[in-house]
Structures are given as C-alpha cells and as structure tokens.
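Next come the chains, spelled out residue by residue.
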Amino acid sequence: MIDVDVLIGGAGPAGLFMARALAGSGLRVVVADPQRAAALAAPADDGREIALNQRSLRILRELGAWERIGDADRAPLRAARVMDRDLSATLRFDPAERGALGMLVSNHALRRAAWDSVQGQDGLELWLEQRVVELQPQPDAMHATLQHADGTRSNVRARLAIAADTRFSQLRRMMGIGAEQFDFGKSMLVCRMRHQKAHESTAWEWFGLQQTLALLPLAPNQGSVVLTLPPLEMQAMQQLDADAFARDIERRFDHRLGAMELIGERFVYPLVGVYAQRFSAARFALLGDAAVGMHPVTAHGMNFGLLGVELLAAELRATGDIGEPERLARYARRLRLSTRPLYLATEAIVRLYTDARPPALALRGLALRAAQALTPLRTAVARNLLDSGEPLALKLAARLPPLPGLPRLT
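Fair warning: this is a prediction, and the values are worked out from it, not measured in the lab. (Residues numbered from 1 in each chain as written. Predicted model: local features only at pLDDT ≥ 70, side-chain atom pairs only at ≥ 80, totals over all residues. Heavy atoms only, no water.)

Engineer: I keep staring at the packing of aromatic side chains and nothing clicks. Help me out?
Structural biologist: Working definition: an aromatic ring pair is given by the centre-to-centre distance plus the angle between the planes. According to the stated counting rule, one finds 5 aromatic pairs in the structure shown. On the numbers, 5.4 Å between centres and 50° between planes, the contact of Tyr275 with Phe279 is tilted. Like Tyr275, the residue Phe279 is buried in the burial classification. Chaining the aromatic ring pairs together yields one cluster made of Trp204, Trp206 and Phe253. Directly above the aromatic system of Trp204 lies the positively charged group of Arg81, at a separation of 5.7 Å from the ring centroid. Looking at Arg340, its charged tip hangs above the ring of Tyr275, at a distance of 4.6 Å from the centre. (Phe/Tyr/Trp six-rings, centres within 6.5 Å; stacked < 30°, edge-to-face > 60°. Buried < 20%, exposed > 50% of the residue type's maximum accessible area, 1.4 Å probe, protein only. Lys NZ or Arg CZ within 6 Å of the ring centre and 35° of its normal.)

See below:
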C-alpha cells in the first residue's frame, strides 16, 4: 500500500493546474493518467480556442503558466457581439474603458503550459500509463486501485482523491455520483479561417435558423469559426472540399467578413452538457469538466475549471485534515453557487435560440433588443467578465444564512 496525501485522476488542464496550485504545500500529490508523457508534453492541435476571463488570467499568472503560452497561441478578446438571424437585433459587450474582456488561447497550448508548469515540482509525482479502476472510501482515507498499462495493479491510500477525468468521469461513477446530462442533439465544427475584413478583436455569436455561428478573433484577419448544426447536416459540411467549404461559410456569414479561406483542419465534436449532482463525497472531490461540462456558447468551461482549482486549493492549503467533510462541502457549495446559474441560463439560451417555431423566433429578437436597451445589464455582464475578484454569486452568498449543516461563507 502506497500512502499519499492527494490522488488526482486525470492529467488534463484541471488536474495539472490543481497539482500546481498545491506546490509548496508540503502535501505529497500524485497525478494518475493513462496517457503517455509524450502525448501530454506535446498535445495535438484539436482546433479549439479557449476564452479566458480576467480572473482565469490572474490564476494562470499565479500558477506560472501564462508566460509559457506564446504570442502565436493567444489573442485579445476586446468585445463581443450577439446577433439574431436577421442581424437587426444585436447585443454588444464593449468595455473599452476597462480593457479587454479576456484572452483567447489555443487549447493545445493551454494543455502544454499546464504540463510544463508542473515539471520538477517538489512533492509531485506523475504516474502515467495507469488509470484508477477502483475507489473505496474509508473514514481516514480513500483506498484506490490503479491498473498499469501492462495489466499490473497497485494499491494507494490517499487522504483525498480528486476526479479531473473529463465530463464523462469514470471516477465520478465509481463514487455513485450521478450527473445531469443534456444532449443538445447538435454537432459543433471548429476550424481556423482567413478572412478579408478585419474582426476588430470582437467575438461574434450569430443565431440563425437551425444553426449557430461564431467567430473567435485570432491573428489579424484570422479567426476560429464555430458552426453548430444537426449531425446529418454536419456530415455534409465535412465532405465538402476546402474551397467549397469556404464558399459555404462565406454564405453563412452573409459575406460580412468578405472572402474566406480555410487554413487548418476541421474538427467536429458532439454537444453534451453535464452537471454533477454533487461536487464532493467522503474523501472525494470533483473538478473541471467532471464537475461541470459546459456548452461552449457562453465560453465558461475552462473559467469554471480554474475557479474550481482556486477554491479547492484554498481549502486544501489550510491547516487540518484535507479530507474533512466540512471543507469539502464548503468547496462544493462555493463552486455550485458560482456555476449553477450560468449553467442553467446557458441551457435556456441554447433551447431558445435553436427553436425555429414562430413564438420562439419572435421571443429571440425581443430578448436581444431588451437586453441591448438595458445599459446597466450589459455593464454588469461586462464587469463580471472583467472582474478578477470574488464572483458575484459568492458575494451574495456571504450575505445569506448558511445551509443546514454548512458554515457561512466568509
């Protein structure tokens, strides 16, 4: 039996950044993952661009990861524009007086930075090519069984186990924690394109009929195009050659970006939202997509993952038993307060703006026009994106009476 303090299942960004956040804590931390070191050190480009708000950027700087991401893999996000199908209803977020909303970072570059940031870290061990296959919580520790690539097994006793193994987490299932899963019935295509007209560092979200289009601004006159369609229509898009695909995307954008050219591969992903029923259990915590797997329309998936890292690290670095139920429940409550409202709002937005029935079409335009007319609302949203401090939900929660059995947030 091998004794450790923290066992993290999953060497994605959430798991590795969690390990990095515990540097210097004196804890013996192990990250277990079935992948090889070569794949983690040089992750393949998967086409995805990650939108990071100012809070996430601060966390990455504190973890020593931000400087590991080169200029070619990041771009400022200075404004956002949300449009309905006919472009007459437009909602803009443009906090020019306070700087950029955030930054766009290539997912593979973020994963590489996470890996690089933990290399040589004292007290950290990377157990690769092995996966957690069994968890048994005990009063004083979590007993785990790990299976190596060659089939051999080893037993570990950890004061705390953390699941950071994707939105379809096997560790979550081992602990009997269910999750709400909403299959949006759509596929998402992402690719990089060159376009004739400037994007002005502005992200576009354009809800059409039976499709959603987005443009994430990258280098000058280059952007990441995100197209959401029903699976059968997406198959047809994938079969187009590069030139025909570019002409089709030009048409979908109503030629507002001028001539367009495909400059990379096309990647397609299913759209499934996931929200765990609980974020903690005995000697166990959920982190990243294992806790909250967001639809990308509100671009908060990685932001929630980094928020979880910060909240959980703060609990684990405090004195006392790192696996005590009170601190894990406090972490779970704080993360839920910060994520649940936006998760539900995202689901509602996607439902509304993918509904082609006449009442929904009328409501779509009315909603955007009303939001655009409410300047305080737009200002509050922009400030929330820019704010690097405590999330608004937590500020409000500190003023509420505590839930039964849980301490008041401070």
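Engineer: Even after reading the chapter, I still don't get the pairing of strand β11 (residues 153-163), so can you show me in this structure?
Structural biologist: Working note: regular strand, side chains alternate between the two faces of the sheet. Across 7 bridges, the pairing between strand β1 (residues 2-9) and β11 is parallel. The residue bridging Ile8 from the neighbouring strand is Ile162, located in β11. As paired elements, strand β10 (residues 142-148) and β11 share 6 bridges and run antiparallel to each other. When the bridges of β11 are listed, His143 appears paired with Arg157. Linkage of β10 to β11, two consecutive antiparallel strands, is achieved through a turn of 4 residues, within which Gly151 is found at a positive phi near 95°. (Pairing = 2+ DSSP bridges. Helix = DSSP H or I, 4+ residues; strand = E, 2+ residues; numbered from the N terminus.)

Engineer: Would you explain helix α7 (residues 242-252) in this entry?
Structural biologist: One turn of an α-helix holds 3.6 residues; hence residues three or four places apart share an orientation. Where α7 is concerned, the buried positions are Phe245, Ala246, Asp248, Ile249, Glu250 and Arg252. Of the surrounding elements, those touching the buried residues of α7 are β12 (179-195), β13 (202-207), β14 (212-217), β15 (222-229), α6 (231-239) and β16 (260-262). Between the side-chain oxygen at the start of α7 and the backbone nitrogen of Asp243 there is a gap of 3.2 Å, and the oxygen is on Asp241. Within two residues after α7, Asp254 carries a phi angle of roughly 60°, on the positive side. (Contact = heavy atoms within 4.5 Å. Polar contact = N/O pair within 3.5 Å; in protein donor to acceptor, adjacent residues only side chain to side chain.)

Engineer: Sorry, what's going on with unusual backbone geometry here?
Structural biologist: The general pattern is negative phi for most residues beyond glycine and trans for most peptide bonds. Even without being a glycine, Asp254 presents a positive backbone phi close to 60°. Although it is not a glycine, Arg283 adopts a positive phi angle of roughly 60°. Position of Arg283 among the secondary structure elements: in the loop between β18 (280-281) and β19 (284-286). For Arg283, a relative accessible area of 8% corresponds to the buried category.

Engineer: Help me out: how do you make sense of the sheet that holds strand β3 (residues 49-53) in this one?
Structural biologist: To summarise the sheet geometry, strands pair through backbone hydrogen bonds and adopt either a parallel or an antiparallel arrangement. Spatially, 3 strands are ordered β3-β7-β4 in an open sheet, and the strand pairing comes out antiparallel. Looking along the sheet, the strands with just one partner apiece sit at the ends: β3 and β4 (74-77). Averaged over all pairs of adjacent strands, the angle between strand axes in this sheet comes to 30°, irrespective of strand direction. Where β3 meets strand β7 (residues 102-106), 5 bridges bridge the pair, whose relative direction is antiparallel. Of the residues in β7, the one forming a bridge with Ala51 is Leu104. Where helix α3 (residues 54-62) meets the sheet, its contacts fall on β3 and β7, and the angle it forms with β3 comes to roughly 95°. (Axes fitted to C-alpha atoms, helices over the stretch in contact; angles between N-to-C directions.)

Engineer: Just checking my understanding: could you explain the environment of Thr145 for this structure?
Structural biologist: When you line up the elements, Thr145 lands in strand β10. Residue Thr145 is classed as buried on the basis of its relative accessible area, which comes to 11%. Not counting the four nearest positions on each side in its chain, Thr145 is found in contact with Arg131, Val132, Val133, Glu134, Arg153, Ser154 and Asn155. A polar side-chain atom of Thr145 sits 3.4 Å from a polar atom in the side chain of Asn155.

It is worth stressing that arrangement in space is one thing and function is another; only the former is reported here.
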